[in-house]
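# Remarks on the overall topology
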Amino acid sequence: METTDAFTGLECVDCGAAYDAETESHQCPDCGGTLDPTYDYDAIDLDRETLESRPFDSMWRYEELLPFTRESAVTMHEGATALVDCPNLAEEMGVERVLIKDEGRNPTGTFKDRGQTVAVTAATQHGATDVALASAGNAGQAAAAYAGRAGLDSHVYLPSRSGFTNKAMVNVHGGDMNVVGGRIDDAGGAYEEGLDEHDDWYPLQTFVTPYRHEGKKTMLYEIVEQLEWEVPDAICYPTGGGVGLIGMYKAATEFRDLGLIDEVPSLYAAQASGCAPIVDAYEDGRDEHEPVETPDTICGGLEIPDPGASPWILEALRETDGGAVAMDDPDILDAATQVAQHEGLEMVPSSAAAASGAWELAERGEFDGDETVVILNTGAGNKEADVLRSHLMSQGI
Ligand SMILES: *Cc1c(COP(=O)(O)O)cnc(C)c1O
Ligand SMILES: [Zn+2]
C-alpha cells in the first residue's frame, strides 16, 4: 500500500484493538466495531506557514493527515471548497459572522466526494475489482463516479425515494444501479443480500469502511485555515449518519494536538424532526440513540433512522459543548429558499436543515452577538431543484 509516513494503521473504536491497514480493510474482526485510522502525530511536522504555502486546490493538501499519498489517490480535486461570508444571515441571526462552507462545489455536488475519494483509494490499494454500498443517494452517486475513475465496477443500492439526479447519475457513471422499493433500510437489506452472493465486493458503506469519516474530516481543516486560524465558535452540521460530524470532531482534536489551534469549535447536529434520533438522545441525556420506527422527512440525506455511530456523535456534541436541534420539513424548505434569496447560495434540502437549525439556535439565544457561526452546505441545491420548486408551488408561488 502507498500509505503516508505517519499513518500507523487502524484502531477499533469499541474494543481498542489495533490492526494493520494492509490486512484489515473494514470492521473489527473481533467485535465488529468501526475501525478508525491512527497516526503517529509526533512524526507529523506541520505548521501554519507550511500549510499556507500550499495551493488551496484539493483536500489532499492535508496529505500528512490522510492515510494514503496524494500521488496514489483516486482524486478529482475534491474539497478546497469556498467558505462564503453571509452578512445578511449574520444580521438576521444576531451574530458577528455567519459563513457557509459550500460543499456543493465538489465534483458530484456534495461532500460525499471527500469520503469516497479516500474509500475508493483504499479499495484500489486492496486490489478490489468491485465496490458496493447502500445509500440515500448522494454517496451512491459519488461512489459510482470515483469507481468509474478508478476502473472499478460499482454496485449501488438506492431506495425508491432517492432523488432523480442521484439515480440518473449512477447510471451515467456506469454503475450497476439497484433501486429498491421502500426506504434506506430496505436498500440496506438488498445490499446485504448482494454482498452475501458476491464475496469479492468491497463495501464502501459508512463506518464499514474506515475511510469515509477520515476523508470528511478535511472540511474542518479547511474551515480553520480559511478563517486564518481563528476557530469558529459554532459549526452547524446536517446530521444523518454523522460521518462528517465525527470527522470534523477528530480533525479539530488533531489540529489542537498538533498545536495548530488552541480550542475546538462547538459542534451542533441539525436533523429533521421526522427523523431525529440524535436530537432525541441528546435532549434525553442518553449515550446512544433509539432507532426511529417510521422515519419520514423530505431530507433524504438525513433520513437515517438507525445511526450506528450515535455514541461517537453524542460524545462529539457534549465534548465540544455543542448541541442538537430538530426542525420541521416546511421550516427547512423555507430556510433553503431564504438562503437562496438572501445570500444567493443554493442548498439541497438536507443541508438547509443546518441553516434552519442555526436560525432556531440563534432564536433560543445559543449564540452570542460576537460569535462566528459556520453552516455546512453539504450539497448543491440544484440536485433537488424540483423539491425546492414544489415547496414554492405549495405556497402558491
Ligand atoms: C449524506 C448527507 C448528509 C448527512 O451526512 P452524514 O455525515 O452521514 O451525517 C447531509 N447532507 C447531504 C446533502 C448528504 O448527502
Ligand atoms: Zn473491536
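Fair warning: this is a prediction, and the values are worked out from it, not measured in the lab.

## Structural notes on the coordination of the zinc ion (ligand 2)
Six octahedral donors around a metal ideally make angles of 90 or 180 degrees; four tetrahedral donors ideally make 109.5 degrees. The zinc ion (ligand 2) binds to the protein through Cys12 (SG), Cys15 (SG), Cys28 (SG) and Cys31 (SG), with metal-donor distances spanning 2.2 to 2.4 Å. Geometry at the zinc ion (ligand 2) is tetrahedral, judged from the 4 donor atoms that bind it and their angles of 98 to 119° at the metal. Counting gaps between the donor residues of the zinc ion (ligand 2) yields the pattern C-x2-C-x12-C-x2-C. Remark: Cys28 occurs in the loop between strand S2 (18–19) and strand S3 (35–39) and Cys15 occurs in the loop between strand S1 (7–12) and S2; sequence separation between them is 13 residues. Cys28 gets classed as buried once you look at its relative accessible area, which sits at 4%.

## Considerations on the environment of Glu214
With respect to the helices, strands and loops of the structure, Glu214 is situated in helix H7 (residues 212–216). Put simply, Glu214 and Tyr202 are 12 residues apart on the chain and 18 Å apart in space, counted from C-alpha to C-alpha. If sequence neighbours within four positions are ignored, Glu214 has contacts with Asp36, Pro37, Tyr39, Leu65, Leu66, Pro67 and Lys250.

## Digging into the domain arrangement of the chain
Segmenting the chain into domains produces domain 1 (83–110 + 212–394) and domain 2 (112–203). Computed over C-alpha atoms, the centres of domain 1 and domain 2 are 24 Å apart. Contacts between the two partners involve 21 residues from domain 1, matched on the other side by 21 residues from domain 2. Counting each side, the surface lost to burial between domain 1 and domain 2 is near 1,800 Å², with a carbon and sulfur contribution of 47%.

## Some points on the pairing of strand S10 (residues 234–238)
Of all 5 residues in S10, 5 are buried; the element is thus mostly enclosed. Residues of S10 alternate between two faces, with Ala234, Cys236 and Pro238 on one and Ile235 and Tyr237 on the opposite face, all of them buried. Where S10 lies against strand S11 (residues 266–272), 5 bridges are found, and the strand directions are parallel. Its bridge partner lying in S11, Tyr237 is registered against Ala269. For the handedness criterion, the β-α-β arrangement of S10, helix H9 (residues 243–257) and S11 is classed as right-handed. Relative to strand S13 (residues 372–377), S10 is paired through 3 bridges, and the arrangement is parallel. Of the residues in S13, the one forming a bridge with Ala234 is Val373.

Conventions used here
Sequence order as written defines residue numbering, which begins from 1 separately in each chain. Here chains are named by letter from A upward and ligands by number from 1 upward, in the order in which they appear as written. With the structure being a predicted model, the display of local features is reserved for residues of pLDDT at least 70 and the display and counting of side-chain atom pairs for 80 or more, all residues being used for whole-chain, interface and lining totals. Side-chain metrics in this entry use all non-hydrogen atoms of the structure; hydrogen atoms and water are not considered. Sites may look incomplete because water is not among the atoms; the donors themselves are N, O and S atoms within 2.8 Å of the metal, or within 3.2 Å for Na, K and Ca. Square planar and octahedral sites, with four and six donors, are those where opposite donors lie more than 155 degrees apart and all other angles lie between 65 and 115, tetrahedral sites have four donors with every angle between 85 and 135 degrees, and the rest are irregular. Each helix is a run of H or I in the DSSP string that is no shorter than four residues. Each strand is a run of E no shorter than two, and both are numbered from the N terminus. A simple rule labels every residue: compare its accessible area, found with a 1.4 Å probe on the protein chains alone, to the largest value its type can have, and call it buried under 20%, exposed over 50%, or partly exposed in between. Only heavy atoms enter the contact rule, under which two residues are in contact if any of them lie within 4.5 Å. Residue ranges labeled as domains rest on an automatic or database domain assignment. When two parts are put together, the accessible area they lose, computed with a 1.4 Å probe and summed over both, is reported as buried area. When DSSP finds two or more bridges between two strands, those strands count as paired. Here is how to tell: hold the view so the strands point away, follow the path from the first strand over the helix to the second, and if it runs clockwise the crossover is right-handed.

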